[in-house]
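This is what each chain is made of:
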Amino acid sequence: MTAGVPVLSMTVDGVRAAEYAAVPTLEFMLRIVHAGGPPVRSLTLDTQVRISPAGRAYDEASRERLAELFGRREEWSRNLRSLLWAQTVTQVPAFSGETVVAVRLACTYDFEVAVAKYFHGLREGEIPLEFLFSGTIFYLVEGRLLAGRVPWDCEAGFRMPVRAWRELMDRYFAGSAWVRLDREVFDRLYAYRVRHTLTGWDDVLDRLLKEGGG
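Residues numbered from 1 in each chain as written. Predicted model: local features only at pLDDT ≥ 70, side-chain atom pairs only at ≥ 80, totals over all residues. Heavy atoms only, no water.

Examining the overall build of the protein
Counting its secondary structure elements, the protein contains seven helices and eight strands. Computed over C-alpha atoms, the radius of gyration of the protein comes to 22 Å, more than 25% over the 17 Å expected from 2.2 N^0.38 for 214 residues, which places it beyond the range of a compact globule. Within the protein, residue pairs in contact and separated by at least 24 positions form 72% of the contacts whose partners lie at least 6 positions apart. The centroid of the 27 positive side-chain charges in the protein is displaced by 1 Å from the centroid of its 28 negative side-chain charges. (Helix = DSSP H or I, 4+ residues; strand = E, 2+ residues; numbered from the N terminus. Rg over C-alpha atoms; globule rule 2.2 N^0.38 Å. Contact = heavy atoms within 4.5 Å. Lys, Arg positive; Asp, Glu negative; His and termini not counted. Charge placed at Lys NZ, Arg CZ, Asp CG, Glu CD.)

Encoded structure:
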């Protein structure tokens, strides 16, 4: 690291649902400690968040729900790889000593996305997360504004309770789920609904499942 650049360390203290967000969003409370060097005038923090599936245990029910992601039991040892969740940029204002900022991550309920499949497949416990940081630190030396890079090895781990994601989805979707369909398939489903005078989509799918023995 370039001489004179502020020395920072980072930890994730907790997670909460973002208030008044247009889409489901979690806020991770990131504590940044100024461990030495000149004062920080601002920080443009790039954060990559990855899920480390191998960092927790799975019961048989979870393995069945996650089979689409990781395959059969005998395949898990080679398929349980890290999953990229999100990349985001956080603007951190001037601080000394330490500060706490919210790293905001939007959450999708689209089951075509691997991360949503993974979260939905878990019922309890914790999700091992890896926060990888980069970005630019702006700081003052003898009245001059300088810039330096956040070191590549700056990272933090956090174990997010599964309930944090599930409660967020319940807040926005109230016990329902979202499934994306090809438009032609939707048209066929709609025609089926009209033909059988069914009142809602739950009725359509329930009837089709019963007809198919599901």
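With respect to the pattern of salt bridges
Counted according to the given criterion, the structure contains twelve salt bridges. The shortest N-O distance in the salt bridge between Glu27 and Arg16 comes to 2.8 Å. With Glu27 in strand 2 (residues 25-36) and Arg16 in strand 1 (residues 7-17), this pair connects stretches of sequence that are eleven residues apart. Assessed through its relative accessible area of 9%, Glu27 is described here as buried. Among the salt bridges present, the one from Arg78 reaches Glu75, with a minimum N-O distance of 3.9 Å. Salt bridges sharing partners connect three or more residues here, namely Arg72, Glu74, Glu75 and Arg78. (Salt bridge = Lys/Arg side-chain N within 4 Å of Asp/Glu carboxyl O. Buried < 20%, exposed > 50% of the residue type's maximum accessible area, 1.4 Å probe, protein only.)

Section: a nonpolar patch on the surface
A cluster of nonpolar side chains, Val179, Leu181, Val185, Phe186, Tyr190, Val194 and Trp201, forms an exposed patch at the surface whose accessible area comes to about 630 Å². For Tyr190, the position within the fold is in helix 6 (residues 183-195). Classification of Tyr190 as partly exposed rests on a relative accessible area of 44%. (Patch = residues over 30% accessible without salt bridge, like charges linked within 9 Å, V, L, I, M, F, W, Y side chains within 5 Å. Areas by Shrake-Rupley, 256 points an atom, 1.4 Å probe, with all protein chains shown as cover.)

Quick look at helix 6
Helix length check: helix 6, at 13 residues, gives a terminal C-alpha distance of 18 Å against a target of 18 Å (1.5 Å per residue), a fit within 8%. By the burial criterion, the buried members of helix 6 are Leu189, Tyr192 and Arg193. For helix 6, the arc enclosing every buried residue in end-on projection is 100 degrees, short of the 170-degree limit, so these residues lie on one face. For helix 6, exposure combined with an orientation more than 90 degrees from the buried face picks out Arg183, Glu184, Arg188, Val194 and Arg195. Buried residues in helix 6 make contact with helix 7 (201-211). Its side-chain oxygen placed 2.9 Å from the backbone nitrogen of Glu184, Asp182 serves as the N-cap of helix 6. Backbone geometry just after helix 6 places Thr197 at a positive phi near 50 degrees. (Expected span 1.5 Å × (residues − 1). Arc of directions from axis to C-beta. Polar contact = N/O pair within 3.5 Å; in protein donor to acceptor, adjacent residues only side chain to side chain.)

Topic: the packing of aromatic side chains
In this structure the tally under the stated criterion is 13 aromatic pairs. Ring centres 5.3 Å apart and planes at 65 degrees place the aromatic pair Phe28 and Phe131 in the edge-to-face group. In this pair, Phe28 is assigned in strand 2 and Phe131 in strand 6 (residues 126-141), connecting sequence segments 103 residues apart. Grouping residues by exposure puts Phe28 and Phe131 together as buried. Between Tyr118 and Phe119, the aromatic rings sit 6.2 Å apart at their centres with planes inclined by 55 degrees, giving tilted as the arrangement. Side by side, Tyr118 and Phe119 carry an identical accessibility label, which is buried. Over the face of the ring belonging to Tyr58 we find Arg56, whose NZ or CZ atom lies 5.0 Å from the ring centre. Sitting over the face of the ring of Trp76, Arg63 holds its NZ or CZ atom 4.6 Å from the ring centroid. (Phe/Tyr/Trp six-rings, centres within 6.5 Å; stacked < 30°, edge-to-face > 60°. Lys NZ or Arg CZ within 6 Å of the ring centre and 35° of its normal.)

Remarks on the sheet that holds strand 5 (residues 98-106)
A sheet is described by the order of its strands in space; here three strands give the open sequence 1-2-5, paired in antiparallel fashion. Every interior strand has two partners, whereas the edge strands, strand 1 and strand 5, have only one. Along the sheet, successive strands turn relative to each other by an average axial angle of 25 degrees, direction set aside. Relative to strand 2, strand 1 is paired through ten bridges, and the arrangement is antiparallel. Bridge pairing in strand 2 places Val15 opposite Phe28. (Pairing = 2+ DSSP bridges. Axes fitted to C-alpha atoms, helices over the stretch in contact; angles between N-to-C directions.)

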